[in-house]
Amino acid sequence: MSADRHGHTHRLDLDDATVREWDATVVATDPEQGIVLDRSAFYPGGGGQPPDEGVLLWGGVRTRIAGTRRGDELYLIPVEGDPVPPPGTAVRGALDDERRTALMRTHSGLHVLTGVVLRDFGAKVTGGNMEPLTARMDFDLAEVPADFKDRVAEAVNAEIAADRRIEVRTLPREEAYAIPDLVRTATDLLPPDIQQVRIVDIVGLDLQADGGTHVASTAMVGRVEVVKMENKGRGFRRLRVRLV
């Protein structure tokens, strides 16, 4: 299967993260699973980034989409009680732009954060989670300097101000794995059956495998505040951040 498809759905979000509205056709509906489109810009969730929300417009009707579900197909989950368009229906899809843009800024900001912590402290990621404009990131870091939180915040915002380009490309798995530190987590979570690896490159700072959506440059992230640093056990450090 092509890297930009999931089941019968062409993944517009992987082609162009700026797409917010598009035309599509309903391929299938399942009362338990959801709605399958031939083309979709809804990010289905993964890598810590939550799924998109939005609407489908058809025949003067609005169906709200509360999230997505990945199985054999990419299913859009309608809000309970909303009408479901039957197969063959032409629809207009639209994302919640404010939510998606906030998540793109947040995700790119976390890549700046992980790039800085790896470069300056040699620590890899052990976990993380994000919501729009707020997130946590966990690192494997045995020794923590007293000024760790402030140093990280200063370095992250310096890299954001540098307005570094953020580029996305796909490489064959063997070529991608030749890149040092491509997999930024302490454990390699990339399924072995994936032969084409999507790469997100913050030019001059960070290069890693990633399937999420991102802004085009670090300047678009905005300012990152490191709100708190928590010790969660031996070598387990958690940073909580928010974007302003």
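Look up a bit, the structure's there.
Owing to the predicted nature of the structure, the values given are computational and were not obtained by experimental measurement.

Analysis parameters
Residues numbered from 1 in each chain as written. Predicted model: local features only at pLDDT ≥ 70, side-chain atom pairs only at ≥ 80, totals over all residues. Heavy atoms only, no water. Helix = DSSP H or I, 4+ residues; strand = E, 2+ residues; numbered from the N terminus. Buried < 20%, exposed > 50% of the residue type's maximum accessible area, 1.4 Å probe, protein only. Phe/Tyr/Trp six-rings, centres within 6.5 Å; stacked < 30°, edge-to-face > 60°. Pairing = 2+ DSSP bridges. Axes fitted to C-alpha atoms, helices over the stretch in contact; angles between N-to-C directions. Contact = heavy atoms within 4.5 Å. Polar contact = N/O pair within 3.5 Å; in protein donor to acceptor, adjacent residues only side chain to side chain. Core = buried A, V, L, I, M, F, W, Y, C linked by side-chain atoms within 4.5 Å.

Moving on, we come to unusual backbone geometry. Phi at Leu133 is positive, roughly 70 degrees, even though this residue is not glycine. Tracing the sequence through the fold places Leu133 in the loop between β10 (125-131) and β11 (134-140). By relative accessible area, Leu133 is classed as partly exposed at 29%. Positioned with a positive phi, Asp163 is a non-glycine residue whose angle comes to about 55 degrees. Tracing the sequence through the fold places Asp163 in the loop between α3 (148-161) and β12 (166-172).

Enumeration over the complete set of coordinates arrives at two aromatic pairs. When the ring of Trp22 is compared with that of Phe42, the centres are 5.5 Å apart and the planes differ by 80 degrees; the resulting orientation is edge-to-face. Here the residue Trp22 occupies a position in strand β3 (residues 21-30), and Phe42 occupies one in the loop between β5 (39-40) and β6 (54-58), the gap between them amounting to 20 residues. Considered together, Trp22 and Phe42 belong to a single accessibility category, that of buried residues. Relative to Phe148, the ring of Phe121 lies with its centre 4.8 Å away and its plane at 75 degrees, an arrangement referred to as edge-to-face. Of this pair, Phe121 sits in helix α2 (residues 97-121) while Phe148 sits in helix α3, and the two are 27 residues apart along the sequence.

Taken in spatial order, the four strands make up an open sheet running β10-β11-β16-β15, and their pairing is antiparallel. The sheet is open, and its two edges are formed by β10 and β15 (224-231), each paired on a single side. Taken over all neighbouring pairs, the strand axes of this sheet differ in orientation by 15 degrees on average, direction set aside. Both β10 and β11 contribute to a ladder of six bridges, which runs antiparallel. Directly across from Glu131, in β11, lies its bridge partner Thr134. Packed on one face of the sheet, α2 meets β10, β11 and β16 (236-243) and runs near 25 degrees to β11. Sheet strands in contact with α3 are β15 and β16, and its direction is about 150 degrees off that of β15.

A word on the side chain of His107. Relative to the helices and strands, His107 is located in helix α2. Engagement of the side chain of His107 in a polar contact is seen with the side chain of Gln49, the distance being 2.7 Å. Each residue touching His107, except ones within four places of it in the same chain, is listed here: Gln49, Met130, Asp210, Gly212, Thr213 and His214.

Attention now moves to the sheet that holds strand β14 (residues 206-209). Spatial strand order, β12-β13-β14: three strands in an open sheet with antiparallel pairing. Two strands bound the open sheet, and with one partner strand each, they are β12 and β14. For this sheet, the mean angle separating the axes of adjacent strands, direction not counted, is 25 degrees. In the sheet, β12 pairs with strand β13 (residues 196-202) via seven bridges, with the strands oriented antiparallel. Bridge assignment links Thr170 to a residue of β13, and that residue is Arg198.

This part takes up the nonpolar core. Counting 33 residues, the largest nonpolar core has Leu113, Phe139, Val152 and Val156 as the members making the most contacts within it. Of all elements in the fold, only α2, β10, β11, α3, β13, β15 and β16 reach the threshold of two or more residues within this core. For this core, the element with the most residues is α2, which contributes eight residues. If we skip the residues at most four places from it in the chain, Val152 touches Leu113, Val116, Val117, Phe121, Val226 and Leu239.

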